Amino acid sequence: MTANESVSRSEQLTGDGGTDGLRKRISNVTSKLKSFSSWSHDVCNSSCIPSSCDVVMQFPKDAPTYIIKWLNYTISSLESSITIQVCKHESTGLTNLLCSASFHGLMKGAEELSLKKQLKQKYGGQLKDFFLEDAGMYQDVEDTELFFTSEERQHILLHLLNNIRLGDTEKVLSHVMLEGQPIIPKLVTSGVIQQIYPLHCLQDLKKLRKTWVFSFTSFQPLDEVKEYFGVRIGMYFAFLGEYTLFLTIPALIGVLIWLSSGSNQVQDDVYFVVFALLNVIWSTVFIELWKRKEAEYAFKWGTLDSQDDLITEPRPEYTGELMKSPVTGRLEPHYPRWKRNVFFYAVSLPVMVLCHCVILLVCFNFFTFYDFINCGISSGHLLFILKPLPNIFLAAAVMIMDKVYSWIAKWLNDKENYRNEEEYKNQLIIKLMVFQSVNSFLSLFYTAFYIQDFNRLKSQLAVLFIIRQMVGNMKESLVSFLIAKLKQDQGARGITTKNELLSKLKECVSSAPAHDDTHNVPPESESSDIKEESTNPQTDSGVSSHTLSSGKSFKTKLTQAESEGLLPQYDGTFEDYLEMIIQFGYVTWFSSVFPLAGFFALLNNVVEIRSDAFKICMSYQRPAGERVRNIGAWQVVLEVMSIGTIIVNTALIGISGPMQRLFPHLSNIHRLLLIVVVEHVVLAMKYIIRMAIAEVPEWVSVEMAKLEFSKREALRCRLQDQINELGETQAVEMKS
């Protein structure tokens with residue numbers, strides 16, 4: 001829908017004076033925006049950047065000055081607890097709004113978010129939803145600097161910013177802001193605001209790097225990780241740690257089987273069958289025990305009893321015809337479900353089928369190439385050293401297709417236009433799991449169940465598994481770190497786009513004979529009264545100045561806000577969970593054929609914990625904290641993979657040589673019936689284990705009951721006090 005259509009539709013729904021009235025109001029707003037070009041405002045430089053700055057709002061280089069000042073004025077007017085300082089940086093030429101909130105504003109936001117804070121010991125010392133009127137009951141509330149952690153301050157501040165709404169429909173540049181629509185998310189998606197990012201707390205970050213990233217022999221400081229990055233990221237690293245710990249069981253058993261195999265065929269056959277069944281039991285026990293551990297972490301971090309919001313804002317990217325919401329009464333985009341279904345069946349589904357056909361084609365070419373190499377080696381025309389080449393080709397193809405299909409899945413998901421963020425993420429998880437499961441396991445299924453060559457399956461799985469993990473860790477840690485440093489280096493030279501890089505190179509070549517030692521600082525725009533930020537060693541990010549061979553230095557030091565603004569944004573734990581789920585499938589589905597799969601997965605995850613920590617602490621902007629009760633839809637994916645473990649392992653037992661050698665007199669029909677019986681027995685065993693292990697530990701249930709009882713008692717006492725106060729007031733009135 002175009003801007004004019006949006007305005008026209010909003011007039012009809014609001015009944016606010018018709019088209020002329022709305023256009024007149026938008027015209028007045030535009031005039032008011034332009035009048036800000038002569039409005040003066042205190043502008044900071046790096047020497048006076050507030051130490052309490054928590055969130056940075058960054059604008060493009062070509063952002064009009066009056067828009068920046070209008071937004072500054074609007075935020076200050078509508079949310080007085082937010083303090084903003086404007087900085088235009090000398091190095092990058094970008095303008096930033098440095099945002100912070102007053103302590104009272106933080107307490108107000110904490111109450112709106114139902115943030116849990118610890119009570120003083122005389123009130124029980126428990127975690128309790130924060131209420132402003134009961135502020136004196138909470139531990140350390142007198143210390144305005146330490147009561148909220150830096151992550152909590154940023155979480156609350158982003159909540160306050162994202163809930164600033166206009167009272168009327170207004171037009172900012174070419175973008176219509178609807179009445180009651182959040183301003184900041186709309187301006188971010190429309191490109192008026194380039195990005196919003198929380199700033200790192202350098203002291204806390206340095207401590208995490210020492211005790212977590214580079215501390216290879218100690219356990220993860222999960223409470224500190226949660227305090228700094230939020231519950232969602234803390235929960236991911238808790239899951240990764242528990243999963244890695246549990247991998248010691250299949251790793252140890254797999255190594256013992258690998259060391260003792262080969263001497264006796266009957267013994268090897270028994271090992272194969274027993275290990276396949278152990279995979280099923282192990283996967284079930286791990287999932288159920290993780291649920292208990294997950295509940296413990298959620299209780300300790302104050303999110304176990306959190307409720308989903310019944311009223312959720314549409315995603316900023318959500319589009320559709322403007323209609324009045326039956327819940328809030330505000331204008332909101334509306335996209336009919338039938339349109340989404342039409343797109344899914346007419347576009348998404350055929351594209352997914354086409355992608356799977358491409359995967360089949362790649363697998364066919366792989367097996368053709370494999371046979372060609374083997375025939376060449378057998379005939380002596382090719383060297384034996386080329387034998388792993390087809391498997392390396394397959395591993396490379398799988399990783400490339402993973403990236404391509406991830407992009408396709410996200411594009412399809414965007415086009416399906418989901419309203420809620422949670423629904424959008426769940427649908428994306430489904431698409432990516434379908435894509436990556438087929439991409440990762442199709443060739444293995446073909447080898448196992450069609451060719452039925454377990455030796456080929458073993459070598460194929462080993463190369464695919466090991467190479468994929470090695471390349472993944474290299475890409476996540478080293479490559480992302482080098483890219484981040486390259487961006488910061490270019491930013492120090494005033495380069496933030498490819499065009500600027502080319503123009504800077506041309507400038508250096510043309511000015512090479514000049515031997516000028518002065519910095520190449522662009523002249524200040526006459527139309528802007530926002531001063532450029534000077535550099536100061538106290539706010540440097542550590543980027544030092546360099547000199548070209550020509551003697552011309554054009555690399556300047558970056559402030560912390562500049563340096564972190566040049567880093568890529570962290571996309572969340574989505575890709576990390578996906579990587580672990582695929583690995584879980586490799587280990588539980590096929591380690592009976594390749595017993596060392598668990599061992600290599602364990603080695604990978606020991607490195608993965610530190611490489612993921614390195615990545616998030618060294619190579620990306622600080623992510624905004626999120627509060628979650630569990631790992632979300634990934635829990636369901638794990639359950640599905642666990643059921644797949646039963647099906648795959650019992651099928652492997654049924655078609656394998658060990659089954660035929662252990663029961664040589666069984667016909668194919670009887671063997672099939674035996675496998676079906678074993679499968680149902682294992683399914684029953686899985687159900688019994690699931691029912692026997694409670695998802696929430698008893699002590700957590702007791703503590704939750706205590707908290708609920710204390711809440712009810714507090715409410716009862718408060719109501720009783722109000723009744724007594726009302727009675728005393730009435731008694732005084734009667735006497736008077």
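Residues numbered from 1 in each chain as written. Predicted model: local features only at pLDDT ≥ 70, side-chain atom pairs only at ≥ 80, totals over all residues. Heavy atoms only, no water.

Description of the overall build of the protein chain
For the protein chain, the helix and strand inventory stands at 23 helices and eleven strands. Here the protein chain, with 736 residues, has 47% of them falling under the buried criterion. Sequence-distant contacts, at least 24 apart, represent 74% of the contacts inside the protein chain between residues at least 6 apart. On the protein chain, roughly 36,600 Å² of surface is accessible, and the fraction owed to carbon and sulfur atoms is 60%. (Helix = DSSP H or I, 4+ residues; strand = E, 2+ residues; numbered from the N terminus. Buried < 20%, exposed > 50% of the residue type's maximum accessible area, 1.4 Å probe, protein only. Contact = heavy atoms within 4.5 Å. Areas by Shrake-Rupley, 256 points an atom, 1.4 Å probe, with all protein chains shown as cover.)

Quick look at helix H7 (residues 202-213)
Turning to H7, its buried residues number three or more, namely Leu205, Leu208, Trp212 and Val213. Around the axis of H7, the buried residues are gathered within 70 degrees of arc, so they sit on the same side. Of the residues in H7, the exposed ones pointing more than 90 degrees away from the buried face are Gln203, Lys206, Lys207 and Lys210. Those residues of H7 that are buried lie in contact with helix H8 (222-229), helix H9 (231-246) and helix H19 (597-618). (Arc of directions from axis to C-beta.)

Here we look at the packing of aromatic side chains
Across all of its chains, the model carries 44 aromatic pairs by this definition. For the pair Phe367 and Tyr446, a centre-to-centre distance of 4.5 Å together with 40 degrees between the ring planes defines the contact as tilted. Of this pair, Phe367 sits in helix H12 (residues 337-379) while Tyr446 sits in helix H14 (residues 421-451); the two residues are 79 residues apart in sequence, bridging distant segments of the chain. Geometry around Tyr424 places Arg315 over its ring, the cationic atom sitting 4.0 Å from the centre. (Phe/Tyr/Trp six-rings, centres within 6.5 Å; stacked < 30°, edge-to-face > 60°. Lys NZ or Arg CZ within 6 Å of the ring centre and 35° of its normal.)

Details of the pairing of strand E2 (residues 82-89)
Among the eight residues that make up E2, six are buried, leaving the element largely enclosed by the rest of the structure. Of the strand pairs in this sheet, E2 and strand E3 (residues 95-101) are connected by seven bridges, and their pairing is antiparallel. What sits directly across from Ile82, in E3, is Ala101. Where E2 hands over to E3, the hairpin turn is made up of five residues, of which Gly93 adopts a positive phi near 75 degrees. (Pairing = 2+ DSSP bridges.)

Comments concerning the packing of H14 against helix H20 (residues 633-655)
With their axes 12 Å apart at the nearest point, H14 and H20 run at an angle of 15 degrees to one another. Accordingly, the angle class assigned to the pair H14 and H20 is roughly parallel. When the axes of H14 and H20 are compared, the crossing they make is right-handed. Listed contacts from H20 to Asn426, Ile429, Met433, Phe441, Phe445, Ala448 and Phe449 of H14 are Ala633, Trp634, Val637, Met641, Val648, Ala651, Leu652 and Ile655. For the contact of H14 with H20, the class distribution of residues is 14 nonpolar, one polar and no charged. (Axes fitted to C-alpha atoms, helices over the stretch in contact; angles between N-to-C directions. Parallel < 35°, antiparallel > 145°, perpendicular 65-115°, else oblique. Left-handed = near helix turned anticlockwise from the far one by under 90°. Nonpolar A, V, L, I, M, F, W, Y, C, P; charged D, E, K, R; others polar.)

So, the pairing of strand E10 (residues 331-334)
When strand E9 (residues 321-324) meets E10, the two strands line up antiparallel, connected through four bridges. Considered in E10, the bridge of Met323 is made with Glu332. Linking E9 back to E10 in an antiparallel pair, the connection comprises six residues, with Gly329 at a positive phi of about 80 degrees.

Observations regarding a nonpolar patch on the surface
Judged by side-chain polarity, Val266, Val270, Val274, Leu278, Ile281, Leu662, Phe663, Val677, Val681 and Met685 come together as a nonpolar surface patch covering roughly 760 Å² of accessible area. Top element by residues in the nonpolar patch is helix H11 (residues 265-300). It accounts for five residues. Relative to the helices and strands, Val270 resides in helix H11. Under the relative-accessibility criterion, Val270 is labelled partly exposed at 39%. (Patch = residues over 30% accessible without salt bridge, like charges linked within 9 Å, V, L, I, M, F, W, Y side chains within 5 Å. Salt bridge = Lys/Arg side-chain N within 4 Å of Asp/Glu carboxyl O.)

As for the environment of Lys88
Within the secondary structure, Lys88 is located in strand E2. As a C-alpha pair, Lys88 and Glu562 span 474 residues in sequence and 9.9 Å in three-dimensional space.

Here's the deal with the side chain of Asn391
Its location among the elements puts Asn391 in helix H13 (residues 389-416). Setting aside anything within four residues of it in sequence, one finds Asn391 in contact with Phe366, Tyr370, Ser459, Gln460 and Val463.

Thoughts on the packing of H12 against H13
For any two helices packed against each other, the geometry is given by the interaxial angle and the distance between the axes. Running from amino to carboxyl end, H12 crosses H13 at an angle of 175 degrees, the nearest separation of the two axes being 11 Å. Classified by the angle their axes make, H12 and H13 are roughly antiparallel. In the contact of H12 with H13, the residues fall into 22 nonpolar, two polar and three charged.

Some words on the confidence of the model for the protein chain
Residues of the protein chain with pLDDT of at least 70 account for 82%, and the chain-wide mean is 79. Mean pLDDT in the protein chain bottoms out at helix H1 (residues 3-14), which sits at 38, and peaks at H9, which reaches 95. Across residues 1-43, where pLDDT falls below 50, the model places 61 contacts with residues more than four positions away in sequence or in other chains. Across residues 512-553 the pLDDT falls below 50, and counting only partners more than four positions away or on other chains, this stretch makes 84 contacts in the model. (pLDDT = per-residue confidence, 0-100.)

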